[in-house]
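In case you want the letters, here they are:
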Amino acid sequence: MRLAPMSERPARASIDAIDRRIIDALQGGFPLVERPYLAVAESLGIGEDDLLARLDRMLASRVLTRFGPMFQVERMGGRFVLAALAVPEDRFDAVAEQVNALPEVAHNYRREHCLNMWFVLATETADGIGAAIERIEHETGLAVRAFPKEREYFVDMRLSVRQGHDA
Amino acid sequence: MMRDDIERRLVLATQAGLPLVPRPYAYIAEQVGCSEAEVRERLADLLARGVVRRIGAVPNHYAIGYTANGMSVWDVRDDAVDGLGERIGALPFVTHCYRRPRALPDWPYNLFAMVHGSSRDEVLAHVAEIRAVLHRDCRRHDVLFSSRILKKAGLRIGA
């Protein structure tokens, strides 16, 4: 299995000044009108075709990871839980493969700490979390540390495009 | 919770993203089996109920210049953590901020704030800003930099 290193990122040259404005504009609310792309394109002073082509290209080159509604799982009855493992270095890639194989694992990051693998379990129902944790513990022989959220103060992935990233 | 079958089909039809066609809601309506106006009304309702946080683009952080990210974790006094969590969450470089249970003795941290920057130094400077806000209400903290993305998939509910 191939793991993406942090250095694997889209070529910076693939973003120009118009793309940057599109990304910033589309992190806000997308209009619920019959032709929403036309409305956004007009506000940016570009053509609807150009906007659609640029979005298609940015999704294909993974400058954008997705475009669409962002669902809050808990409001649909589902559950998100952050969890961590302390994985022995010589088993790291093998354990990553075991953990990533579970469809319940939405994200997984290596972090610099003795708890060196941090992942998010996302399940459609609350009781799916316990089953996923048991399976990971059974397959890896490692104890899963779960950090369920007790309170959410803020969540918003919006970040403005940094200057100098328009090639 | 999902209210009915149309809502469930709407989630299934849009969780991979909105179609890149001039009339995306009409396209979704065909898949869901309702009118284009109903798709827009239901999306507005999902937004109002908070089931959908927003409709928009999620950039790859690395592609837009945020090449460093650190999960900052803080041991904050229980009687102060909620007020401080709100303040930390409002900082522009923090994308997620949660209170989570401590796992004593080796994990004393109860406040988690994800910090993004264009370098580790910038992340550490932001962490110092958080430290200043927490001041004496924080006993210890740590920053866990990510060194590799092992998996990144969107949420998928079953069909």
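Computed from a prediction, not measured in an experiment: that's the story for all the values here.

**Section: the domain arrangement of chain B**
Then step 1. Per the domain assignment, the segments making up chain B are domain 1 (5-49) and domain 2 (68-145).
Then step 2. Taking the mean C-alpha position of each, domain 1 of chain B and domain 2 of chain B sit 37 Å from one another.

**Examining the pairing of strand S5 (residues 138-152) of chain B**
Then step 1. Sheet topology note: the strand S3 (residues 105-111) of chain A/S5 of chain B ladder contains five bridges and is antiparallel. Pairing of Tyr-109 of chain A across the sheet is with Ile-149 of chain B, part of S5 of chain B.
Then step 2. The pairing of strand S2 (residues 68-76) of chain B with S5 of chain B spans seven bridges and is classified as antiparallel. Bridging across to S5 of chain B, Val-76 of chain B finds its partner in Cys-138 of chain B.

**Quick word on the domain arrangement of chain A**
Then step 1. Each assigned domain of chain A is listed here: domain 1 (12-60) and domain 2 (73-147).
Then step 2. For domain 1 of chain A versus domain 2 of chain A, the distance between C-alpha centres works out to 35 Å.

**Focus: the interface of chain A and chain B**
Then step 1. Facing the 80 residues of chain A at the interface are 82 residues of chain B.
Then step 2. Carbon and sulfur atoms supply 58% of the area that chain A and chain B bury against each other, a total of about 8100 Å² over both sides.
Then step 3. At the surface where chain A touches chain B, the tally comes to 10 salt bridges.
Then step 4. Across the pair Asp-82 of chain B and Arg-151 of chain A runs a salt bridge, and its minimum N-O distance is 3.0 Å.

**Quick look at the environment of Pro-88 of chain A**
Then step 1. In this fold, Pro-88 of chain A is placed in the loop between strand S2 (79-85) and helix H4 (92-100).
Then step 2. The partly exposed category is assigned to Pro-88 of chain A, whose relative accessible area is 31%.

**Some details on the pattern of salt bridges**
Residues and elements named next belong to chain A.
Then step 1. Under the criterion given, the structure shown has 31 salt bridges over all chains.
Then step 2. Note that Arg-57 is salt-bridged to Asp-19, the shortest N-O span being 3.2 Å. In this pair, Arg-57 is assigned in helix H3 (residues 48-60) and Asp-19 in helix H1 (residues 17-26), connecting sequence segments 38 residues apart.
Then step 3. Judged by its relative accessible area of 0%, Asp-19 falls in the buried class.
Then step 4. One salt-bridge network, in which partners are shared between bridges, spans Asp-16, Asp-19, Asp-50, Arg-54 and Arg-57.

**A short note on the packing of aromatic side chains**
Then step 1. On inspection of all chains with the given rule, the structure shows 10 aromatic pairs over all chains.
Then step 2. For the ring pair Trp-118 of chain A and Trp-107 of chain B, a centre distance of 5.4 Å and an interplane angle of 45 degrees mean the geometry is tilted. Of this pair, Trp-118 of chain A sits in strand S4 (residues 117-123) while Trp-107 of chain B sits in the loop between strand S3 (94-99) and strand S4 (111-117), on two different chains.
Then step 3. Here a set of aromatic residues connected by ring pairs shows up, and it is made of Trp-118 and Phe-147 of chain A together with Trp-107, Tyr-109 and Phe-112 of chain B.

**Here we look at the packing of helix H1 (residues 5-14) of chain B against helix H2 (residues 24-32) of chain B**
Residue and element names in this part refer to chain B.
Then step 1. With their axes 9 Å apart at the nearest point, H1 and H2 run at an angle of 125 degrees to one another. In this view, H1 runs oblique relative to H2, as classed from their interaxial angle. Two packed elements cross with a definite hand, and for H1 against H2 that hand is right-handed. Only Ile-28, Gln-31 and Val-32 of H2 make contact with H1, whose side of the interface consists of Ile-6, Arg-9, Leu-10, Ala-13 and Thr-14.

**Looking at H2 of chain B**
Then step 1. For H2 of chain B, the complete set of buried residues consists of Pro-24, Tyr-25, Ile-28, Ala-29 and Val-32 of chain B. Take H2 of chain B and look down its axis: the buried residues cluster within an arc of 140 degrees, on one side only.
Then step 2. Where the residues of H2 of chain B are buried, they touch helix H2 (36-44) of chain A together with H1 and helix H3 (36-49) of chain B.
Then step 3. Looking at the residues trailing H2 of chain B, positive phi occurs at Gly-33 of chain B, about 90 degrees.

**Some points on the confidence of the model for chain A**
Detailed conclusions should not be drawn from predicted coordinates in areas where pLDDT is low.
Then step 1. Looking at chain A as a whole, its pLDDT mean stands at 87, while 86% of the residues score no less than 70.
Then step 2. Across residues 1-13 of chain A, confidence stays below pLDDT 50; counting only partners more than four residues off in sequence or on other chains, it has 28 contacts.

**Observations regarding the environment of Ser-119 of chain B**
Residue and element names in this part refer to chain B.
Then step 1. If you trace the backbone, Ser-119 turns up in the loop between S4 and helix H5 (120-134).
Then step 2. What makes Ser-119 partly exposed here is its relative accessible area of 29%.
Then step 3. When the C-alpha atoms of Ser-119 and Gly-65 are compared, they prove to be 9.2 Å apart, with 54 residues separating the residues in sequence.
Then step 4. Among residues more than four places away in sequence, those in contact with Ser-119 are Thr-67 and Ala-68.
Then step 5. Among the polar contacts listed, one links the side chain of Ser-119 to the backbone nitrogen of Glu-122, at a separation of 3.0 Å.

Criteria and thresholds
- Residues numbered from 1 in each chain as written.
- Chains lettered and ligands numbered in written order.
- Predicted model: local features only at pLDDT ≥ 70, side-chain atom pairs only at ≥ 80, totals over all residues.
- Heavy atoms only, no water.
- Domains from an automatic or database assignment.
- Pairing = 2+ DSSP bridges.
- Helix = DSSP H or I, 4+ residues; strand = E, 2+ residues; numbered from the N terminus.
- Contact = heavy atoms within 4.5 Å.
- Buried area = accessible area lost by both parts, 1.4 Å probe.
- Salt bridge = Lys/Arg side-chain N within 4 Å of Asp/Glu carboxyl O.
- Buried < 20%, exposed > 50% of the residue type's maximum accessible area, 1.4 Å probe, protein only.
- Phe/Tyr/Trp six-rings, centres within 6.5 Å; stacked < 30°, edge-to-face > 60°.
- Axes fitted to C-alpha atoms, helices over the stretch in contact; angles between N-to-C directions.
- Parallel < 35°, antiparallel > 145°, perpendicular 65-115°, else oblique.
- Left-handed = near helix turned anticlockwise from the far one by under 90°.
- Arc of directions from axis to C-beta.
- pLDDT = per-residue confidence, 0-100.
- Polar contact = N/O pair within 3.5 Å; in protein donor to acceptor, adjacent residues only side chain to side chain.

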